[in-house]
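If you want the building blocks of each chain, they are given just below.
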Amino acid sequence: MTNWTAAQTAIVVVAVIAVLGSAITAAVTYVLSQRAAQRERQAKGFAEALNAVEDYAELPYRVRRRPGTPEARHQLTEEVSRIQSRLAYHQALLQIEAPCVADKYRLLVGAAKNQAGGQMEVAWRQATFTTDAEMNLTNPYPRGEIDTARDACVVAMRVALRRGRLRHSPAVSAATGVLPAKPASGGASAPSAAP
């Protein structure tokens, strides 16, 4: 029987530390990659939700430029229904996955339905165009209500996305969704840039 030496103990300790270090590194890497994937998935969902609103906001133009055939009217009304279904889907999804954003998105959808919906109603009553030159609408439909609600919704989405970052990340202003400015080399802080 041989005696256990300090060198043998050191070898075992080093091996255990190496195994534990590798396990901890793997666990941290896994957690960080999962957080990044979750943020990416959420950002994509937010973008798709905003896209549905933009599609709705464009409907007055599509209605105004519609061909004067029954098939075209049917196709356009089907498209309106699909877009409204997407809006409802994203509202429900945000209520489940991002409740802090859901209310702002609900207000955005309401603004779009109020503003673009009213414009669409007027566009349906107007005669269809008969020449290519008429397709260039000289006066764009107003979007002020939609844009204001969209800006507020985007701020809420930015805040929600930044909540998932590590604790060492700079705080995000809940009011503006903007990161605070980094101090200049002299130590004074510069004003934050607009989003």
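Structure shown above.
Now for a look at the structure at hand. Owing to the predicted nature of the structure, the values given are computational and were not obtained by experimental measurement.

Cut-offs and rules
All residue numbers refer to position in the chain's written sequence, counted from 1. Thresholds applied to this predicted model are a pLDDT of at least 70 for local features of residues and 80 or more for the giving and counting of side-chain atom pairs; totals over whole chains, interfaces and linings are not thresholded and use all residues. The side-chain values count all of the structure's non-hydrogen atoms but skip hydrogen atoms and water molecules. A run of DSSP states H or I qualifies as a helix once it reaches four residues; a run of E qualifies as a strand once it reaches two. Both are numbered from the N-terminal end. Residue exposure (1.4 Å probe, protein chains only): buried if accessible area is under 20% of the type maximum, exposed if over 50%, otherwise partly exposed. Note on contacts: a residue pair is in contact if any heavy atoms of the two residues lie within 4.5 Å. Calculation of accessible area relied on Shrake-Rupley with a 1.4 Å probe; when residues are assessed, cover is drawn exclusively from the protein chains displayed. To count toward a patch, a residue needs a relative accessible area above 30% and no salt bridge. Like charges then connect within 9 Å, nonpolar side chains (Val, Leu, Ile, Met, Phe, Trp, Tyr) within 5 Å. Each reported salt bridge corresponds to a side-chain nitrogen of Lys or Arg within 4 Å of a carboxyl oxygen of Asp or Glu. Two rings from Phe, Tyr or Trp (for Trp, the six-membered ring) form a pair when their centres sit within 6.5 Å of each other. Planes less than 30 degrees apart are called stacked, planes more than 60 degrees apart edge-to-face, and all others tilted. In this analysis, axes come from line fits to C-alpha atoms, helices being fitted only over the stretch in contact, and the angle between any two N-to-C directions falls in the range 0 to 180 degrees. Note that the term roughly parallel is reserved for angles under 35 degrees, roughly antiparallel for angles over 145, roughly perpendicular for angles of 65 to 115, and oblique for everything else. Here is the rule for handedness: rotate from the far helix to the near one, and if that takes an anticlockwise turn smaller than a right angle the crossing is left-handed, while a clockwise turn gives right-handed. Each residue is assigned to one class: nonpolar for Ala, Val, Leu, Ile, Met, Phe, Trp, Tyr, Cys and Pro, charged for Asp, Glu, Lys and Arg, and polar for all the others, Gly among them.

Summing up its helical and strand segments, the protein has five helices and zero strands in all. Put simply, the protein runs from its N terminus to its C terminus through helices and strands in the order α-α-α-α-α. A buried classification covers 25% of the 195 residues belonging to the protein. Restricting to contacts in the protein with at least 6 residues of sequence separation, those with at least 24 account for 70%. Just so you have it, the protein exposes about 13,000 Å², and 59% of that area is on carbon and sulfur atoms.

There is a patch of nonpolar side chains on the surface, built from Trp4, Val12, Val16, Leu20, Ile24, Val28 and Leu32 and spanning about 670 Å² of accessible area. One can find Ile24 in helix 1 (residues 6-57).

A separate point is the pattern of salt bridges. Taken as a whole, this structure holds nine salt bridges when the rule is applied. Between Glu54 and Arg143 there is a salt bridge, with its nearest N and O atoms 3.0 Å apart. Placement of Glu54 in helix 1 and of Arg143 in the loop between helix 4 (99-125) and helix 5 (144-163) is noted, with a sequence separation of 89 residues between them. Judged by its relative accessible area of 22%, Glu54 is partly exposed. In this structure, the salt-bridge partner of Glu79 is Arg82, at a minimum N-O distance of 2.9 Å. Here Glu79 and its partner Arg82 are both found in helix 3 (residues 70-97), three residues apart, which amounts to about one turn of the helix. Beyond isolated ion pairs, a larger network of salt bridges with shared partners links Glu54, Arg143, Asp147 and Arg150.

Moving on, we come to the packing of aromatic side chains. By the definition in use, this model includes one aromatic pair. Ring centres of Tyr61 and Tyr141 lie 4.9 Å apart, and the angle between their planes is 75 degrees; this geometry places the pair in the edge-to-face category. Of this pair, Tyr61 sits in helix 2 (residues 59-64) while Tyr141 sits in the loop between helix 4 and helix 5; the two residues are 80 residues apart in sequence, bridging distant segments of the chain. Here the two residues Tyr61 and Tyr141 agree in accessibility, since each one is buried.

Looking now at the packing of helix 3 against helix 4. Packed helices, taken two at a time, are described by the angle between their axes plus the distance between the axes. One can describe the packing of helix 3 onto helix 4 by two numbers: an axis separation of 8 Å at closest approach and a directional angle of 165 degrees. With respect to each other, helix 3 and helix 4 are oriented roughly antiparallel. Regarding helix 3 and helix 4, the two cross each other, and that crossing is left-handed. Of the residues in helix 4, those touching helix 3 at Arg73, Leu76, Thr77, Val80, Leu87, His90, Gln91, Leu94, Gln95, Ile96 and Glu97 are Pro99, Val101, Ala102, Tyr105, Arg106, Val109, Lys113, Met120 and Trp124. Per-class residue counts for the contact of helix 3 with helix 4 are 12 nonpolar, four polar and four charged.

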